[in-house]
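A look at the structure
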Amino acid sequence: VVGAAWGIWLTGSSLVGAAVKAPRIRSKNLVSVIFCEATAIYGVILAIILLNKIGPPKDGYFSSTWNWGQFYFAGYSVFFSGCSVGFTNIASGISVGIAGSACALGDAQDDSLFVKILIVEIFASALGIFGIIVGIIQSNNAQFPVQ
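Nothing here was measured: the structure is a model prediction, and the numbers come from that model.

1. Describing a nonpolar patch on the surface
There is a patch of nonpolar side chains on the surface, built from Val2, Trp6, Trp9, Phe87 and Ile90 and spanning about 570 Å² of accessible area. Secondary structure elements with two or more residues in the nonpolar patch: α1 (2–21) and α4 (68–109). Ranked by residues supplied to the nonpolar patch, first place goes to α1 with three residues. Tracing the chain through its elements places Phe87 in helix α4. Judged by relative accessible area, which is 59%, Phe87 ranks as exposed.

2. Some details on the packing of α1 against helix α3 (residues 30–51)
Two elements in contact, α1 and α3, have axes whose closest approach is 8 Å; the angle formed by their N-to-C orientations is 170°. With respect to their mutual orientation, α1 and α3 come out roughly antiparallel. When α1 is examined against α3, the residues Gly3, Ala4, Gly7, Ile8, Thr11 and Leu15 are found in contact with a partner set consisting of Leu30, Ser32, Val33, Cys36, Glu37, Thr39 and Ala40. Among the residues forming the contact of α1 with α3, the class breakdown is seven nonpolar, five polar and one charged.

3. Regarding the side chain of Ser77
By the secondary structure assignment, Ser77 is in helix α4. Discounting residues that sit within four places of it in the chain, Ser77 has contacts with Gln138, Ser139 and Ala142.

4. Overview of the packing of α4 against helix α5 (residues 113–139)
With their axes 8 Å apart at the nearest point, α4 and α5 run at an angle of 175° to one another. On the basis of their axis angle, the class for α4 and α5 is roughly antiparallel. Here the residues of the contact of α4 with α5 are counted per class, giving 13 nonpolar, 15 polar and two charged.

Rules used throughout
- Residues numbered from 1 in each chain as written.
- Predicted model: local features only at pLDDT ≥ 70, side-chain atom pairs only at ≥ 80, totals over all residues.
- Heavy atoms only, no water.
- Patch = residues over 30% accessible without salt bridge, like charges linked within 9 Å, V, L, I, M, F, W, Y side chains within 5 Å.
- Areas by Shrake-Rupley, 256 points an atom, 1.4 Å probe, with all protein chains shown as cover.
- Salt bridge = Lys/Arg side-chain N within 4 Å of Asp/Glu carboxyl O.
- Helix = DSSP H or I, 4+ residues; strand = E, 2+ residues; numbered from the N terminus.
- Buried < 20%, exposed > 50% of the residue type's maximum accessible area, 1.4 Å probe, protein only.
- Axes fitted to C-alpha atoms, helices over the stretch in contact; angles between N-to-C directions.
- Parallel < 35°, antiparallel > 145°, perpendicular 65-115°, else oblique.
- Contact = heavy atoms within 4.5 Å.
- Nonpolar A, V, L, I, M, F, W, Y, C, P; charged D, E, K, R; others polar.

None of the figures reported here should be taken as evidence of function without further support.
This is the structure we're talking about:
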């Protein structure tokens, strides 16, 4: 969410400033804001996936035969998959925001630059997709023992 907010702030401030000179860019440059918001959705998706992996023990307490190795592995897998997705979403949101800012300012100067810079923005948004793929792979084998 932090990366998305930061990217929206970067893109939105440049969009509003550039729209003073060229009001035509307001509607088509909202795509940049939508790309920034998509990075927040990736985090929500992984949070739902990880939440389904966690559950209480069957008896409500930890028995003496508890599998602590599996417990630690699952805990670290869930934690670091969330960290991976969070850090890549921060990087993706900031990079999409910077590219969206450049897109708004460039489009205000020259109409032909919009599509060219939008392609760069799509590649910046792909960082968040790569992050959620890595996060899902990291948490794939995380199974908390239930005994």
